[in-house]
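Next come the chains, spelled out residue by residue.
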Amino acid sequence: MCFDDRLNGLVFILLGGVVVFLAQQLPTLTFIDYGPGFFPTLIGCVMIIAGSVIALKSLLQHDSTIAWAALPSAQSWSQALGSIGVVVGTIAFFIATLNSLGFLIAMPISLFVMLAFFDRHIVRDIVIAFIGSILMHSFFYQLMSVQLPWGLLTPFAGVLTW
């Protein structure tokens, strides 16, 4: 089922608001500047902004016909189910292998699989998966002080900490 972007934007705005509200309910910590609600609040704000952009873009297109929902063709259903399967399978792979392989191995593989399935530019997808994983690792490990699992790279943890 395909939903109108105005409806998608509104749902994203509402979900972002719920995330921000619930994140503000988390306790604050006294020994660091940010608490456990910082990142969820950031994500909720991004969701609200993205939902607003989606909804406003759809509103500004001046389309007089409003189809709030449409049923796609049979081919679209198979493509949609395949896409859902790839996303769910990739997330399951990441969760299952995170501790044994480590973040710096499991994340690039997961990113590459999803990028290659949806984008199909293999060389660019490899570069994006590698750089994206390094940036995410740096953000969470260095900036947010999240202890990410090293997995197979445990002997090199001191060398790979930048």
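Reading the values: rules and limits
Residues numbered from 1 in each chain as written. Predicted model: local features only at pLDDT ≥ 70, side-chain atom pairs only at ≥ 80, totals over all residues. Heavy atoms only, no water. Salt bridge = Lys/Arg side-chain N within 4 Å of Asp/Glu carboxyl O. Buried < 20%, exposed > 50% of the residue type's maximum accessible area, 1.4 Å probe, protein only. Helix = DSSP H or I, 4+ residues; strand = E, 2+ residues; numbered from the N terminus. Expected span 1.5 Å × (residues − 1). Arc of directions from axis to C-beta. Axes fitted to C-alpha atoms, helices over the stretch in contact; angles between N-to-C directions. Parallel < 35°, antiparallel > 145°, perpendicular 65-115°, else oblique. Left-handed = near helix turned anticlockwise from the far one by under 90°. Nonpolar A, V, L, I, M, F, W, Y, C, P; charged D, E, K, R; others polar. Phe/Tyr/Trp six-rings, centres within 6.5 Å; stacked < 30°, edge-to-face > 60°. Contact = heavy atoms within 4.5 Å.

J.: Break down the pattern of salt bridges for me, citing the residues and quoting the values.
T.: Any two side chains of opposite charge can pair if their charged atoms end up close together. This model, assessed by the stated rule, comprises two salt bridges. In this structure, R6 and D4 form a salt bridge, with 2.7 Å as the shortest nitrogen-oxygen distance. Since its relative accessible area comes to 12%, D4 is described here as buried. D119 is paired through a salt bridge with R124; the nearest N and O atoms lie 2.9 Å apart.

J.: I'd like to hear about helix α1 (residues 5-24), residue by residue, with values.
T.: Its 20 residues give α1 an end-to-end C-alpha distance of 28 Å, which sits within 8% of 28 Å, the value for a rise of 1.5 Å per residue. Along α1, the residues that are buried comprise R6, G9, G16, V20 and A23. Taken end-on, α1 shows its buried residues confined to a sector of 120°, consistent with a single buried face. Away from its buried face, by an angle of more than 90 degrees, α1 presents the exposed residues L14, F21 and L22.

J.: Please give an account of the packing of α1 against helix α2 (residues 38-59) that cites residues and values.
T.: When two helices pack together, their arrangement is given by the angle between their axes and by how far apart the axes lie. Contact pair α1 / α2: the axes reach a minimum separation of 7 Å and the direction vectors enclose 160°. Of the possible angle classes, the one that applies to α1 and α2 is roughly antiparallel. Here α1 runs over α2; the crossing is left-handed. Looking at the contact of α1 with α2, its residues break down into 14 nonpolar, nine polar and two charged.

J.: Can you lay out the packing of aromatic side chains for me, pointing to particular residues and giving the numbers?
T.: The full count for this structure, using the stated rule, is six aromatic pairs. Centre to centre, the rings of F39 and F139 are 5.8 Å apart; their planes meet at 45°, and the pair counts as tilted. Of this pair, F39 sits in helix α2 while F139 is found in helix α5 (residues 122-143), placing the two residues 100 residues apart along the sequence. Owing to a relative accessible area of 26%, F39 belongs among the partly exposed residues under this scheme. Arranged with centres 6.3 Å apart and planes meeting at 80°, the rings of F94 and F103 form a pair that is edge-to-face. Accessibility expressed as a relative area gives 5% for F103, which makes it buried. Here the aromatic cluster, defined as three or more aromatic residues joined through ring pairs, consists of F39, F139 and F140.

J.: Go over the packing of helix α4 (residues 103-118) against α5, please, and point to the residues and values.
T.: Contact pair α4 / α5: the axes reach a minimum separation of 8 Å and the direction vectors enclose 140°. When the axes of α4 and α5 are compared, the pair comes out oblique. Crossing of α4 against α5: the hand is right-handed. Residues F103, L104, M107, P108, L111, F112, L115 and A116 of α4 form the contact with α5, whose participating residues are I122, D125, I126, I128, A129, G132, S133, I134, M136 and H137. Its residues placed into classes, the contact of α4 with α5 shows 14 nonpolar, three polar and one charged.

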